[in-house]
Amino acid sequence: MLQIILGAKKRRSADVSHLQLSPPTETQENVTLLISMGLHRLGETQLKLPFLPISTMWILIDSENKVEAETIKSRVSFISYFQNNVMVVTDYPNGEHIEMPTYQVHTITTGLKDAYQHHLQQIEKFSQRFGPPNLIHSMSDYLYWDAIGRAHYGGLKLRRNLWLPIILLISFGYGAIAIALLSILFLTNSALFGTSSMLAAENVELLIILLTLPAVVIPPILSRGLLKSKFRNLANP
């Protein structure tokens, strides 16, 4: 995971449009709906991630060449690029919520059409400050702006994914240290836990359970909180 996040800025997609790859069923449903909404096929890209299978992404563009839609599996991202490295993204059905002067990511969960309409509203808002979006006419244009976006903002949408392994590592370390210290304390000074060796063992076991309980309970709670915060619904705040 760390290698995937740290390498996001330099990672580049490859144009495989000439292969005319057919999307899987869950992606085809999004592609069909996007076409019904007025977008059309631009091409396909593939990306090789460390330790993971090659991922294929289907790229569509709106009739004005201002909005690109990237879809992989059941997920869709609407993206528009402006001058001065300004980038606006709307994800569906899950994603991040990021607010920066030159980089915005919103997530809509109520429907793909709602996500598209929300993105068009954001384009109007950003156009008042930065002018009209940059036009994308070809896969070459797409790859150029995709590289710009990755260079400036790559890894930002993935950064929260770093917290889970960190939480698990801290919890594991805390539990291991607690067990080690209690074991040493029991072996070196069992009198602190009572005169009976059986009572001493029971007390040690109880302390181990109480001290290691946070390492078991806290990670799932924090993980659930991270997921809920990532899937924030902006259509119904």
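Heads up: the structure comes first, above all this text.
Colleague: Can you break down the nonpolar core residue by residue, with the values?
Modeller: Of all hydrophobic cores here, the largest spans 20 residues; its most connected members are Leu34, Met37, Leu39, Ala69, Phe78 and Leu112. Contributions of two or more residues to this core are made by α2 (25-36), β3 (55-61), β5 (75-82), β6 (86-92) and α3 (112-130). With five residues, α3 is the largest single contributor of residues to this core. Formed by 15 residues, the second largest nonpolar core is a distinct cluster that contains Ile61, Met87, Val105 and Met139.

Colleague: Can you break down the sheet that holds strand β4 (residues 68-72) residue by residue, with the values?
Modeller: Strand order in the open sheet formed by eight strands is β1-β2-β3-β4-β5-β6-β8-β7, and the pairing between neighbours is mixed. Edge strands, defined here as strands with exactly one partner in the open sheet, are β1 (14-15) and β7 (98-99). Sheet topology note: the β3/β4 ladder contains four bridges and is antiparallel. Residue pairing across strands places isoleucine 61 opposite glutamate 68, the latter belonging to β4. Sheet strands in contact with α3 are β5, β6 and β8 (103-107), and its direction is about 15° off that of β5.

Colleague: Would you mind going over the pairing of β4 in detail, with residue names and values included?
Modeller: Counted residue by residue, β4 has four buried out of five residues, so it is predominantly covered. Joining the antiparallel neighbours β3 and β4 is a turn of six residues, in which asparagine 65 adopts a positive phi near 60°. In this sheet, β5 lies alongside β4 in antiparallel orientation, the contact comprising five bridges. In the strand pairing of β5, threonine 71 is matched with valine 76.

Colleague: Go over the pairing of strand β2 (residues 40-47), please, and point to the residues and values.
Modeller: Looking along a regular strand, one sees side chains alternate from face to face of the sheet. Alignment of β1 against β2, held across two bridges, turns out to be antiparallel. Within the sheet, the bridge partner assigned to aspartate 15 lies in β2 and is threonine 45. The pairing of β2 with β3 spans seven bridges and is antiparallel. By the bridge assignment, histidine 40 is partnered in β3 with isoleucine 61.

Colleague: So what's going on with unusual backbone geometry? Which residues, and what values?
Modeller: The peptide bond linking tyrosine 92 to proline 93 adopts the cis configuration, its omega dihedral lying at 0°. The topology assignment puts proline 93 in the loop between β6 and β7. Located in the positive-phi region is lysine 73, a residue other than glycine, with phi close to 55°. Inspection of the secondary structure puts lysine 73 in the loop between β4 and β5.

Rules used in this analysis
- Residues numbered from 1 in each chain as written.
- Predicted model: local features only at pLDDT ≥ 70, side-chain atom pairs only at ≥ 80, totals over all residues.
- Heavy atoms only, no water.
- Core = buried A, V, L, I, M, F, W, Y, C linked by side-chain atoms within 4.5 Å.
- Buried < 20%, exposed > 50% of the residue type's maximum accessible area, 1.4 Å probe, protein only.
- Helix = DSSP H or I, 4+ residues; strand = E, 2+ residues; numbered from the N terminus.
- Pairing = 2+ DSSP bridges.
- Contact = heavy atoms within 4.5 Å.
- Axes fitted to C-alpha atoms, helices over the stretch in contact; angles between N-to-C directions.

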